[in-house]
Amino acid sequence: MKKFLLLGLLGLGSYYQSNAQVSDSTLVAPPTVEDYSNYKPVRLLIGGAFEFGGDEVGKVIFTNGDDQSINAGQGVSVAVGAEFQFRKLEQLRLRATVGYKYVTTAADNAHIRLTRVPLQFTANWMAMEKLRLGAGIVKHQAVKLNTDGLGENATFDASTGAIFEVAYSGIGISYTIMNYTDKENTIYSANSFGITISGVFPRRK
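Each value, and the rule that gives it
Residues numbered from 1 in each chain as written. Predicted model: local features only at pLDDT ≥ 70, side-chain atom pairs only at ≥ 80, totals over all residues. Heavy atoms only, no water. Helix = DSSP H or I, 4+ residues; strand = E, 2+ residues; numbered from the N terminus. Buried < 20%, exposed > 50% of the residue type's maximum accessible area, 1.4 Å probe, protein only. Lys, Arg positive; Asp, Glu negative; His and termini not counted. Salt bridge = Lys/Arg side-chain N within 4 Å of Asp/Glu carboxyl O. Polar contact = N/O pair within 3.5 Å; in protein donor to acceptor, adjacent residues only side chain to side chain. Contact = heavy atoms within 4.5 Å. 1 Å grid on protein atoms, 1.4 Å probe; cavity = no way out; pocket = protein on both sides within 12 Å on 5 of 7 lines; lining within 4 Å. Points joined across faces, edges and corners; volume = space filled by probe spheres on them. Patch = residues over 30% accessible without salt bridge, like charges linked within 9 Å, V, L, I, M, F, W, Y side chains within 5 Å. Areas by Shrake-Rupley, 256 points an atom, 1.4 Å probe, with all protein chains shown as cover. Charge placed at Lys NZ, Arg CZ, Asp CG, Glu CD. Core = buried A, V, L, I, M, F, W, Y, C linked by side-chain atoms within 4.5 Å. Pairing = 2+ DSSP bridges. Phe/Tyr/Trp six-rings, centres within 6.5 Å; stacked < 30°, edge-to-face > 60°.

Enquirer: I'd like a rundown of the side chain of aspartate 182, residues and numbers included.
Expert: Turning to its location among the elements, aspartate 182 is positioned in the loop between β11 (179-181) and β12 (187-189). Lysine 183 is the oppositely charged side chain nearest to the buried, salt-bridge-free aspartate 182, at an N-O distance of 9.8 Å. Here the side chain of aspartate 182 touches glutamate 184 through a polar contact of 3.0 Å, landing on its backbone nitrogen. Of the polar contacts made by the side chain of aspartate 182, one reaches the side chain of tyrosine 188; its length is 3.3 Å. Beyond its immediate stretch of four places on either side in the chain, aspartate 182 contacts Thr155, Phe156 and Tyr188.

Quick look at the structure:
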């Protein structure tokens, strides 16, 4: 009888020991390759914006008496760059782009335009899965007003300012704070409100 009792206790002890080993191995098992398959630290970023505002830097007067202003903050822009994501802080995204910003007039007999090359760097926080809050610096280079022979062309010094953005699912609104300065040291406000569109590739799952 004692032998049967002893064998039973040994069997029960072996059972608990094997269960403990299975539990321990489950807890310390290393992550599989699939756990990191969607992490890509750098992705291609493509964006664009429609912006409005700023001081008047030029005006076109038409033969019918109408006129059209060219404002320093006004224009349509396209941009390309990269977005960097941190593995251990997934909500933080750093974005850097170079673009081209352009605005023209309705004049038929001349191609009047204000052009510039924006360089932009922002830090972005994903407050929700699709809600992005961004802030950073932007610099406009090669700022030129071309009147196509109807008046005097103008160039402005490269300017650095601040930009703020709120976006949801790739579509957002932005506000830029910036000034332009011409050759005569006249300062023009280039502050602008914008509607932005952006996307990263490859897309996140």
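Don't stop here, the text continues.
Enquirer: Now, about empty space enclosed by the protein: what can you tell me, with residues and values included?
Expert: For the structure on display, the rule yields 1 cavity of 30 Å³ or more. Together, 27 residues line the largest cavity, and Gly48, Ala49, Ala79, Thr97 and Gln120 are the ones closest to its centre. Secondary-structure elements contributing two or more residues to the lining of the largest cavity are β1 (42-52), β4 (75-85), β5 (92-104), β6 (113-126), β7 (131-146), β9 (159-168), β10 (171-177) and β13 (192-201).

Enquirer: Run through a negative patch on the surface, naming residues and quoting values.
Expert: A cluster of like negative charges, contributed by Asp55, Glu56, Asp66 and Asp67, occupies part of the molecular surface. Of note, aspartate 66 is situated in the loop between β2 (56-61) and β3 (67-71). Assessed through its relative accessible area of 46%, aspartate 66 is described here as partly exposed.

Enquirer: Go over the side chain of histidine 140, please, and point to the residues and values.
Expert: Considering the arrangement of structural elements, one finds histidine 140 in strand β7. Separated by 2.7 Å, the side chains of histidine 140 and tyrosine 180 make a polar contact.

Enquirer: Can you tell me about the pattern of salt bridges, naming the residues and giving the values?
Expert: Under the definition given, this model contains 4 salt bridges. Among the ionic pairs, lysine 101 bridges to glutamate 51, the shortest N-O distance being 3.0 Å. Residue lysine 101 is located in strand β5, and its partner glutamate 51 is located in strand β1; the two are separated by 50 residues in the primary sequence. In this pair, the class of lysine 101 matches that of glutamate 51, namely buried. A salt bridge links glutamate 83 to arginine 95; its shortest N-O distance comes to 2.8 Å. Placement of the pair is glutamate 83 in strand β4 and arginine 95 in strand β5, with a sequence separation of 12 residues. Shared partners join several salt bridges into a network, and the residues in it are Glu83, Arg93 and Arg95.

Enquirer: An account of the nonpolar core is needed here, citing residue identities and associated values.
Expert: In terms of nonpolar packing, the biggest core is built from 18 residues, with Val57, Ile70, Ile112, Leu114, Phe156 and Tyr180 touching the most fellow members. Every element with two or more residues in this core is listed here: β2 and β7. If one sorts the elements of this core by residue count, β7 sits on top with 3 residues. If we skip the residues at most four places from it in the chain, valine 57 touches Ile70, Asn71, Ala72, Leu114, Leu145, Phe156 and Tyr188.

Enquirer: Pulling in residues and values, what's your account of the pairing of β9?
Expert: Only one face of β9 is buried: it carries Ser159, Gly161, Ile163, Glu165 and Ala167, and the other face, with Thr160, Ala162, Phe164, Val166 and Tyr168, is open. Judged from the 10 bridges that link them, β7 and β9 form a sheet pairing that is antiparallel. Along β9, the bridge assignment pairs glycine 134 with glutamate 165. With 7 bridges connecting them, β9 and β10 associate as antiparallel partners. Counted as the bridge partner of alanine 162 is isoleucine 177 from β10. Linking two consecutive strands that pair antiparallel, namely β9 and β10, is a turn of 2 residues; a positive phi of about 55° is found at serine 169 within it.

Enquirer: Please give an account of the packing of aromatic side chains that cites residues and values.
Expert: Following the criterion strictly, the structure yields 4 aromatic pairs and no others. Centre to centre, the rings of phenylalanine 156 and tyrosine 188 are 5.7 Å apart; their planes meet at 90°, and the pair counts as edge-to-face. Here the residue phenylalanine 156 occupies a position in strand β8 (residues 154-156), and tyrosine 188 occupies one in strand β12, the gap between them amounting to 32 residues. Overall, phenylalanine 156 belongs to the buried group, its relative accessible area being 8%. According to the relative accessible area criterion, tyrosine 188 is buried, its value standing at 18%.

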